[in-house]
Amino acid sequence: MSALNVGQQIHDFRVDAFLKSMYGYEQTYLATSVQEEHKKVLLKLYDVMEFPSRQLSEGGTLMEGNIRNEMYHWFAPIHLYDTVLLDGKEYHCLVREYIESKRLSDLLAEGKRYSWDEAMPIIHQVLNGLSCLHRQERAIIHNDMTPRNILLYESREHETKVYIIGTGHLSYRRSGVASFPTDDLNPWYRAPETYTGMYDEQSDLFSVGALLYEMLTGKAPWQTELPDCSCDTRLYKKIVKKAREAELLFPEELMLTDEQQNTLKKALALDYEKRYYNVEAFKKGLDGEIAVVEKTPPIPVEQENASSWDEKIKKQTGNGFADVAGMEEVKQIFYKDILFLLKNKEKVERYKLKIPNGTLLYGPPGCGKTYIAEKFAQESGLNFMMVKASDLGSIYIHGMQGKIAELFDEAEKKAPTVICFDEFDAMVPDRSRMDNVGQSGEVNEFLSQLNNCAERGIFVIGTSNRPDRIDPAVLRTGRIDKLIYIPLPDKEARKSLFVFQLRDRWCEETIDCEILADKTAGYVASDITFIVNETALAAAMKDIPISQELLMDEIGNARQSVNKEQIEVYESMYARLESGRIEERRRIGFAAYK
């Protein structure tokens with residue numbers, strides 16, 4: 001049942017037609033701007049209660065809402081993003097510009113085929129759009145880069161232009177269970193690693209390679225007939241895997257050069273390590289700036305292992321905790337319980353002190369957990385490595401257990417070493433909720449390596465927004481000894497954040513950070529960073545100093561990343577993880593984002 005009727009107005013848009021409903025929580029309508037009658041828009045509603053929380057961004061908003069102004073050259077502009085109440089139900093409401101264009105999938109279905117030279121301008125625009133997503137502070141992955149999600153239209157200069165749609169599958173890098181529905185993904189466009197739960201920039205690039213192949217040939221690479229089995233993902237996976245055992249064919253009538261064929265083979269490499277590693281490398285391959293040979297000598301295992309982690313484990317430079325506003329209690333924990341022990345082996349031995357194995361920093365998104373870990377590395381002067389889920393991505397194909405062991409072995413060689421696992425919950429998910437036996441083995445390997453790793457000179461920091469999804473065995477003493485809750489900043493911390501963010505900028509002397517802190521109760525560190533940066537941009541465009549008035553205006557326009565309901569969830573997590581302590585938790589300050 002649709003939530004809106006034809007003719008009904010929501011904000012400044014009037015509903016013209018109901019288009020479709022998907023997944024039981026998403027509805028799409030065609031609508032018209034009341035202010036500009038000629039402007040057509042797509043209006044989407046997402047049921048807040050039914051919408052899967054794992055598909056939200058760090059700030060608790062729709063991933064589609066992360067399409068920023070600088071991306072509008074490649075993605076349809078967003079005219080409105082808000083929450084609305086309809087018949088007692090709350091919805092995320094997203095209004096996006098409606099583009100008069102043709103889908104690439106329709107053109108291909110009509111028999112359109114492209115030469116290499118004809119396809120290049122389109123593919124380059126697609127890659128430029130993906131680059132906008134991948135280069136965000138936290139990379140955003142499209143996950144559904146197929147012809148149905150490419151719109152083509154003619155510009156005023158009579159050039160073919162591209163808009164990328166299908167943003168309903170946007171996510172951050174994933175390792176484990178996908179944060180979005182996968183049943184409707186085109187199996188021939190899915191990179192091999194996505195079938196084992198790994199989605200990152202390289203899986204997007206595989207899909208672009210498949211896109212180019214279909215533009216040239218009319219079929220996706222290795223494509224065969226699939227049975228009508230109601231999107232049975234497991235059956236599709238078997239069929240696709242079997243088909244990909246065959247050599248990738250290039251019909252003679254395409255008249256592709258050896259270099260062009262090798263470029264496509266590299267883009268579609270089933271081995272993650274042999275594929276283009278980012279957009280720029282792919283573009284250079286397409287332009288002939290990077291020579292691609294069909295077969296390269298394999299790297300000996302010993303050499304590959306040596307370069308895999310060795311170059312990444314190194315000492316960090318920077319100001320350390322001097323760049324952290326507030327957070328005094330956290331700093332003291334790191335100083336007393338960790339740094340002192342890691343740096344004073346003789347005293348540890350003399351007093352028989354126990355060095356902690358690791359610490360988990362957890363709490364609402366945007367509160368600076370990863371930032372604190374990075375600053376701790378600078379403060380310590382110890383060898384350090386930041387490990388993200390994507391760093392372990394290819395390992396899901398070739399045996400993650402071995403790579404985890406290699407990482408810890410290399411860290412031991414360079415001890416004392418600090419390893420920070422960002423989004424730790426994605427690497428060590430609760431085994432009781434798993435269907436994937438292989439991933440259970442990977443969690444077991446983590447457990448084995450974490451056991452008393454301090455005795456090997458290794459200290460582990462994990463960061464997580466969802467500690468409730470971490471396997472309970474990981475959080476036991478002897479593995480992760482300390483749990484530190486990073487809450488929203490209190491007033492003093494917010495004041496410190498404003499002072500920190502405004503330093504060294506051209507500002508009026510009348511700025512009162514006390515008032516700014518009062519007006520931003522409930523805002524996280526990343527919110528305050530965003531407010532200051534947006535205000536600075538507005539001031540720069542007017543060539544005037546940053547003022548109290550400009551800051552207050554931006555605060556009035558800014559949205560809080562974390563809402564009251566989410567905070568209650570985190571408070572509940574805190575209570576459970578702290579063994580049911582009910583006394584009032586002390587606030588411990590906050591970290592500043594640069």
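None of these values were measured; they are calculated from a predicted model. (Residues numbered from 1 in each chain as written. Predicted model: local features only at pLDDT ≥ 70, side-chain atom pairs only at ≥ 80, totals over all residues. Heavy atoms only, no water.)

**Some points on the confidence of the model for the protein**
Piece 1. Across the protein, pLDDT averages 83, with 88% of residues at or above 70.
Piece 2. Confidence drops under a pLDDT of 50 for residues 294-307, and excluding neighbours within four residues, the segment shows 5 contacts in the predicted structure.
Piece 3. The model gives residues 580-594 a pLDDT under 50, and that stretch makes 71 contacts with residues more than four places away or in other chains. (pLDDT = per-residue confidence, 0-100. Contact = heavy atoms within 4.5 Å.)

**Some thoughts on empty space enclosed by the protein**
Piece 1. Tallied over the entire structure, the rule returns 3 cavities of 30 Å³ or more.
Piece 2. By volume, the largest cavity amounts to about 120 Å³.
Piece 3. In terms of lining, the largest cavity is formed by 14 residues, of which the most central are Phe51, Gln55, Glu64, Thr167 and Gly168.
Piece 4. Classifying every residue of the lining of the largest cavity gives 8 nonpolar, 4 polar and 2 charged.
Piece 5. A domain-level breakdown of the lining of the largest cavity finds at least three residues from each of domain 1 (8-97) and domain 2 (102-287).
Piece 6. Taken as a whole, the second largest cavity spans an internal volume of roughly 90 Å³.
Piece 7. Together, 14 residues line the second largest cavity, and Asn143, Asp144, Tyr189, Arg190 and Ser207 are the ones closest to its centre.
Piece 8. Counting residues per element, the lining of the second largest cavity draws most heavily on helix H3 (residues 201-217), which supplies 3 residues. (1 Å grid on protein atoms, 1.4 Å probe; cavity = no way out; pocket = protein on both sides within 12 Å on 5 of 7 lines; lining within 4 Å. Points joined across faces, edges and corners; volume = space filled by probe spheres on them. Nonpolar A, V, L, I, M, F, W, Y, C, P; charged D, E, K, R; others polar. Domains from an automatic or database assignment. Helix = DSSP H or I, 4+ residues; strand = E, 2+ residues; numbered from the N terminus.)

**Concerning the sheet that holds strand E10 (residues 160-164)**
Either a parallel or an antiparallel arrangement is found when strands of a sheet pair, and the pairing is made through backbone hydrogen bonds.
Piece 1. Ordered in space as E7-E9-E10, the 3 strands form an open sheet in which the pairing is antiparallel. Two strands lie at the open edges of the sheet, namely strand E7 (102-103) and E10, each paired on one side alone.
Piece 2. Relative to E10, strand E9 (residues 150-154) is paired through 5 bridges, and the arrangement is antiparallel. In the sheet register, Tyr153 faces E10, and the bridge partner there is Lys161.
Piece 3. Running over the sheet, helix H2 (residues 116-134) touches E9 and E10 and is turned about 35 degrees from E10. (Pairing = 2+ DSSP bridges. Axes fitted to C-alpha atoms, helices over the stretch in contact; angles between N-to-C directions.)

**Here's the deal with the sheet that holds strand E5 (residues 78-86)**
Piece 1. Taken together, 6 strands build an open sheet; the order of strands is E1-E2-E3-E4-E6-E5 and the sheet is antiparallel. Edge strands, defined here as strands with exactly one partner in the open sheet, are strand E1 (9-10) and E5.
Piece 2. The pairing of strand E2 (residues 13-22) with strand E3 (residues 26-33) spans 8 bridges and is classified as antiparallel. By the bridge assignment for E3, Lys20 is matched with Thr28.

**Some words on the packing of H2 against helix H6 (residues 279-286)**
Piece 1. Interaxial distance between H2 and H6 falls to 10 Å at its minimum, and their mutual angle equals 170 degrees. Relative to H6, the element H2 is oriented roughly antiparallel. Judged by the sense of rotation from one axis to the other, the crossing of H2 with H6 is left-handed. Note on element contacts: H6 touches H2 through Val279, Glu280, Phe282, Lys283 and Leu286, opposite Trp116, Met120, Ile123, His124, Leu127, Asn128, Leu130, Ser131 and His134.
Piece 2. Among the residues making up the contact of H2 with H6, the classes are represented as 8 nonpolar, 4 polar and 2 charged. (Parallel < 35°, antiparallel > 145°, perpendicular 65-115°, else oblique. Left-handed = near helix turned anticlockwise from the far one by under 90°.)

**Thoughts on the packing of aromatic side chains**
Piece 1. Counting across every chain of the model gives 17 aromatic pairs.
Piece 2. Taking 5.2 Å as the distance between ring centres and 80 degrees as the angle between the ring planes, the aromatic pair formed by Phe421 and Phe446 counts as edge-to-face. Here Phe421, found in strand E17 (residues 417-421), pairs with Phe446, found in helix H14 (residues 437-450); they are 25 residues apart in sequence, far enough to count as distant.
Piece 3. Residue classification places Phe446 among the buried positions, given a relative accessible area of 0%.
Piece 4. Ring-pair connections join several aromatic residues into one group, and the members of that group are Phe321, Phe334, Tyr335, Phe376 and Phe459.
Piece 5. The ring centre of Tyr276 lies 5.4 Å from the NZ or CZ of Lys266, which sits over that ring. (Phe/Tyr/Trp six-rings, centres within 6.5 Å; stacked < 30°, edge-to-face > 60°. Buried < 20%, exposed > 50% of the residue type's maximum accessible area, 1.4 Å probe, protein only. Lys NZ or Arg CZ within 6 Å of the ring centre and 35° of its normal.)

**A closer look at unusual backbone geometry**
Piece 1. The linkage connecting Ala415 with the following residue, Pro416, adopts the cis geometry, with an omega of 0 degrees.
Piece 2. Residue placement: Pro416 occurs in the loop between helix H12 (400-413) and E17.
Piece 3. One non-glycine residue, Glu423, lies in positive phi territory at about 55 degrees.
Piece 4. Judged by its relative accessible area of 21%, Glu423 falls in the partly exposed class.
Piece 5. A positive phi angle is found at Asn452, which is not glycine, with a value near 50 degrees.
Piece 6. Within the element layout of this structure, Asn452 appears in the loop between H14 and strand E18 (458-464).

**Re the nonpolar core**
Piece 1. Grouped together as the largest cluster of nonpolar side chains are 53 residues, with contacts concentrated most on Tyr114, Ile150 and Leu212.
Piece 2. Taken together, the elements giving at least two residues each to this core come down to helix H1 (104-109), H2, E9, E10, H3, helix H4 (233-243), helix H5 (258-267) and H6.
Piece 3. When residues of this core are assigned to their parent elements, the largest contribution, 10 residues, is made by H2.
Piece 4. Residues lining this core come from more than one domain, with at least three contributed by each of domain 1 (8-97) and domain 2 (102-287).
Piece 5. Apart from residues no more than four positions distant in its own chain, Tyr114 is found in contact with Leu104, Leu107, Leu108, Ala119, Ile122, Leu152, Met215 and Leu216.
Piece 6. By size, the runner-up hydrophobic cluster in this structure holds 33 residues, among which are Val330, Leu341, Ala454 and Phe459. (Core = buried A, V, L, I, M, F, W, Y, C linked by side-chain atoms within 4.5 Å.)

**Things to note about the pairing of E5**
Piece 1. Relative to strand E6 (residues 89-97), E5 is paired through 8 bridges, and the arrangement is antiparallel. Its bridge partner lying in E6, Tyr81 is registered against Leu94.
Piece 2. Between E5 and E6, which pair antiparallel one after the other, the connecting turn spans 2 residues, and Asp87 there sits at a positive phi close to 50 degrees.

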